[in-house]
Structure formats: C-alpha cells, structure tokens
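# Inside the fold
Residues per chain are reported as follows:
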Amino acid sequence: MIRRAAITGLLRLTSLLPLPLTHAIGILIGSLLWWIPNDLRRIASRNLVLTFPEMPVADRECLLRRNLWETGKLLLELGPLWLWRGERVLALVRGAVADEEALTDTVRRRRGAILLTPHLGAWEMAGLYYSSRHPLTILYRPSRLGLDELSVRGRGRLGGKVVATDARGVRSLLTALRDGEILGILPDQDPGDEGGVFAPFFGIPASTMTLVSRLTRNTGAPVFLTWAERLPRGRGFALHLRALPEVTAAGSLEESAAALNRGVEAAVRSLPAQYLWAYKRFKTRPPGESKLY
C-alpha cells in the first residue's frame, strides 16, 4: 500500500512538469542506476552481452549507460502520458506516421488488425495515439505494484478499451477482431512454460507468445508493428509503423512466432538504446538448458 501510494504520488508530481524537465530528471535517475549496483543494471547488462556478443566491450558499456538513461525517462514519463489532457499528449507526436494509411484501410474495410507494441521506446504513447484515431482494444498484464486502476484509466482515456490477460480478456480480443477493430498487444513478454513456443530472438531461443499467431490464423487479420521513438531533449515522440505479413502467412505457430520475433528484433536493432533490456526476456529456458539470469 505504501509503495503504491509513493509511486502514484511520483507520477502525479511528474505530470506537473514539462516533458523536457521530466526526461532530464530521468537521465539523472538513469545515471544513478549506472553507478549504484542494482537489478535493473544487472539484467540489462546480461541481456546486452547475450544479444550483442560481437559488440566491443566499450561500445556495449556505452549502450548500457544510454539504455539506463532511457529507462529513467520511461519511468517518469508515465505521469505526463497517463495524466495530461489528451490533446496535450497527442501534441507530443512529431510528424506523420509513415504507412499509417495501410492500418487505416484495414479499419475502413472492417478487416480488423493486430497492432504489436513491443517494449521499445514509449509504448504507452503509441497506445494512446492509435486509440485516439481507431477503435482499439488493449491487452495488459495486471501490475504487481497495484497500479491497475491508474494504468487502465490512463491507457483507456482516449478511447481505448483495456482488458486483462485472462480468459475474458482473450474473448474480448477475438470479439473485437471479428468486429473489425484493432488489438494492441505487447508481443515480447515471456509467457512462461505455458502459452508459448520457443523461437529465436537475437539468435537465442525465447519463449514467445502464440496468442498473436492464433488470432491472425483464426481471423486472417493483418499484423502491424509500431513503436514511439523518444526524441532527444524531451521534444516529443516519432511514431513508426511496419506491416508484418509474414506473421500471418506462416505455415505453423512456430514459424509465425519466429516471424514475430524477427520483426521485433529488426525494430530493436534500429533503436537499441530504447529497448527495455532490464526485462528478463530469456527467463524461461528450453528443457535441459541452464538459467541465463
């Protein structure tokens, strides 16, 4: 209860600040994460060693420091994104979104679409932007910090419908797709020993959800990948959008999951400092393999 109140208070405090100042404070927090031993730095460092083994040590350490800065920004920008007025949040999107017409066309023809928002950049910004323009159902995993009420209200306040990762939520996803709407799903969460298959991610077998593959196979809905790039000095966000037809066209769940991971990996390689490397993406291992963390 105390931790939830403290986090809620921090988010409300940062919502009073302009984004450049919020991100500047986030860099200070990231610097502390760099200097003080902590789990976020340990996990991020381990993931970078696993995924970029060919990178010179000095370059990888530089990437780690930049990544911790971006992690600090990520933590503090939730206040503005969840609590600012809608028009103020949407004004943070800089420039047009390339290829958005393809997504808009699927909505216009009521085909439905699956919108993947990996842990890259400001995925909360991406969800808010698309929910303000299209009928969007957002799947979320309940928080251990007790912030569900705040996060659900923040994510859904521009028109999105927010559903939890349970049987009722999955049924809501299928209904939304069949009604020609868009689904927003984080595709790079580790589903554990159940609900996933192992597929390569940066050359490492990673437990990968099959939900996206099953939904697109059952409905034929196209799959898109999007992320909101955090611009320097708090200038806002640049949204990117890519179609992933190979996820739908794959002949098996394993091939579809592999295509999904390739799409996410390509996006991460374009913006590696802004990926959530502090997440234990490779926590679940194939039978017989040792733990990586």
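Going by the structure above, here's the rest.
Residues numbered from 1 in each chain as written. Predicted model: local features only at pLDDT ≥ 70, side-chain atom pairs only at ≥ 80, totals over all residues. Heavy atoms only, no water.

### Section: the overall build of the protein
Each helix and strand counted, the protein has 12 helices and 8 strands in total. By residue count, 53% of the 293 residues in the protein fall in the buried class. At a minimum sequence separation of 6, the contacts of the protein that also span at least 24 residues come to 76%. Carbon and sulfur atoms form 57% of the exposed surface of the protein, whose accessible area is close to 13,600 Å². (Helix = DSSP H or I, 4+ residues; strand = E, 2+ residues; numbered from the N terminus. Buried < 20%, exposed > 50% of the residue type's maximum accessible area, 1.4 Å probe, protein only. Contact = heavy atoms within 4.5 Å. Areas by Shrake-Rupley, 256 points an atom, 1.4 Å probe, with all protein chains shown as cover.)

### Here's the deal with the packing of aromatic side chains
This structure, assessed with the given rule, holds 8 aromatic pairs. Aromatic side chains Tyr129 and Tyr130 sit 5.0 Å apart centroid to centroid with 85° between the ring planes, which places their arrangement in the edge-to-face category. In this structure, Tyr129 and Tyr130 share a single accessibility class: buried. Taking the centre distance of 4.8 Å and the plane angle of 75° together, the rings of Tyr275 and Trp277 count as edge-to-face. Since its relative accessible area comes to 3%, Tyr275 is described here as buried. Given a relative accessible area of 2%, Trp277 falls into the buried group. Members of the aromatic cluster, joined through ring pairs, are Phe52, Phe201, Phe202, Tyr275, Trp277 and Phe282. (Phe/Tyr/Trp six-rings, centres within 6.5 Å; stacked < 30°, edge-to-face > 60°.)

### Here we look at the sheet that holds strand 8 (residues 237–243)
Backbone-to-backbone hydrogen bonds pair the strands of a sheet. The strands run either parallel or antiparallel. The strand order 3-2-4-1-7-8 describes an open sheet built from 6 strands, whose pairing is mixed. A single partner strand is all that each edge strand has here, and the edge strands are strand 3 (161–164) and strand 8. Strand-to-strand, the axes of this sheet are offset by a mean angle of 25°, without reference to chain direction. Of the strand pairs in this sheet, strand 2 (residues 136–140) and strand 3 are connected by 4 bridges, and their pairing is parallel. Within the sheet, the bridge partner assigned to Tyr140 lies in strand 3 and is Ala164. (Pairing = 2+ DSSP bridges. Axes fitted to C-alpha atoms, helices over the stretch in contact; angles between N-to-C directions.)

### Brief notes about the layout of surface pockets
Space inside the second largest pocket adds up to approximately 250 Å³. Considering the residues around the second largest pocket, the lining is formed by 15 residues, among which Leu139, Arg141, Thr165, Met209 and Leu211 are closest to the centre. Mapped onto the lining of the second largest pocket, the elements with two or more residues apiece are strand 2 and helix 10 (211–219). Among the residues forming the lining of the second largest pocket, the class breakdown is 8 nonpolar, 4 polar and 3 charged. (1 Å grid on protein atoms, 1.4 Å probe; cavity = no way out; pocket = protein on both sides within 12 Å on 5 of 7 lines; lining within 4 Å. Points joined across faces, edges and corners; volume = space filled by probe spheres on them. Nonpolar A, V, L, I, M, F, W, Y, C, P; charged D, E, K, R; others polar.)

### Description of the pattern of salt bridges
The final tally for this structure, using the stated rule, is 13 salt bridges. A salt bridge links Arg42 to Asp39, with the shortest nitrogen-to-oxygen separation between them at 3.5 Å. Of this pair, Arg42 and Asp39 both sit in helix 3 (residues 39–51), 3 residues apart, which is roughly one turn of that helix. The closest approach of N and O atoms between Glu70 and Arg230, which form a salt bridge, is 2.7 Å. Placement of the pair is Glu70 in helix 4 (residues 57–83) and Arg230 in strand 7 (residues 223–230), with a sequence separation of 160 residues. Grouping residues by exposure puts Glu70 and Arg230 together as buried. In the salt-bridge network here, residues are joined through shared partners; they are Glu70, Lys73, Glu77 and Arg230. (Salt bridge = Lys/Arg side-chain N within 4 Å of Asp/Glu carboxyl O.)

### Examining the pairing of strand 7
Judged by how many residues are buried, strand 7 sits mostly within the fold: 7 of 8 residues are covered. Looking at chain direction, strand 1 (residues 113–116) and strand 7 are connected through 3 bridges and run parallel. Considered in strand 7, the bridge of Leu115 is made with Phe224. Direction of pairing for strand 7 relative to strand 8: antiparallel, over a ladder of 7 bridges. Its bridge partner being in strand 8, Thr226 is matched across the sheet by Leu241. Between strand 7 and strand 8, which pair antiparallel one after the other, the connecting turn spans 6 residues, and Arg233 there sits at a positive phi close to 55°.

### Let's talk about the nonpolar core
Ile114, Leu116, Leu183, Ile185, Val212 and Trp277 are the most contacted members of the largest nonpolar core, which totals 43 residues. Broken down by element, the residue count for this core peaks at 5 residues, all from helix 12 (residues 253–270). The residues touching Trp277, leaving out its near neighbours within four places in the chain, are Ile43, Ala44, Asn47, Leu48, Thr51, Phe52, Asn67, Phe202, Val268 and Pro272. Of all hydrophobic cores here, the second largest spans 29 residues; its members include Leu103, Leu115, Tyr130 and Phe224. (Core = buried A, V, L, I, M, F, W, Y, C linked by side-chain atoms within 4.5 Å.)

### Quick word on unusual backbone geometry
A positive phi is found at Phe202, a non-glycine position, where the angle reads about 55°. Among the structural elements, Phe202 can be located in the loop between strand 5 (196–201) and strand 6 (204–209). Here Arg233, not a glycine, exhibits a phi torsion of approximately 55°, which is positive. Along the polypeptide, Arg233 turns up in the loop between strand 7 and strand 8. Among the residues examined, Arg233 registers a relative accessible area of 65% and is labelled exposed.

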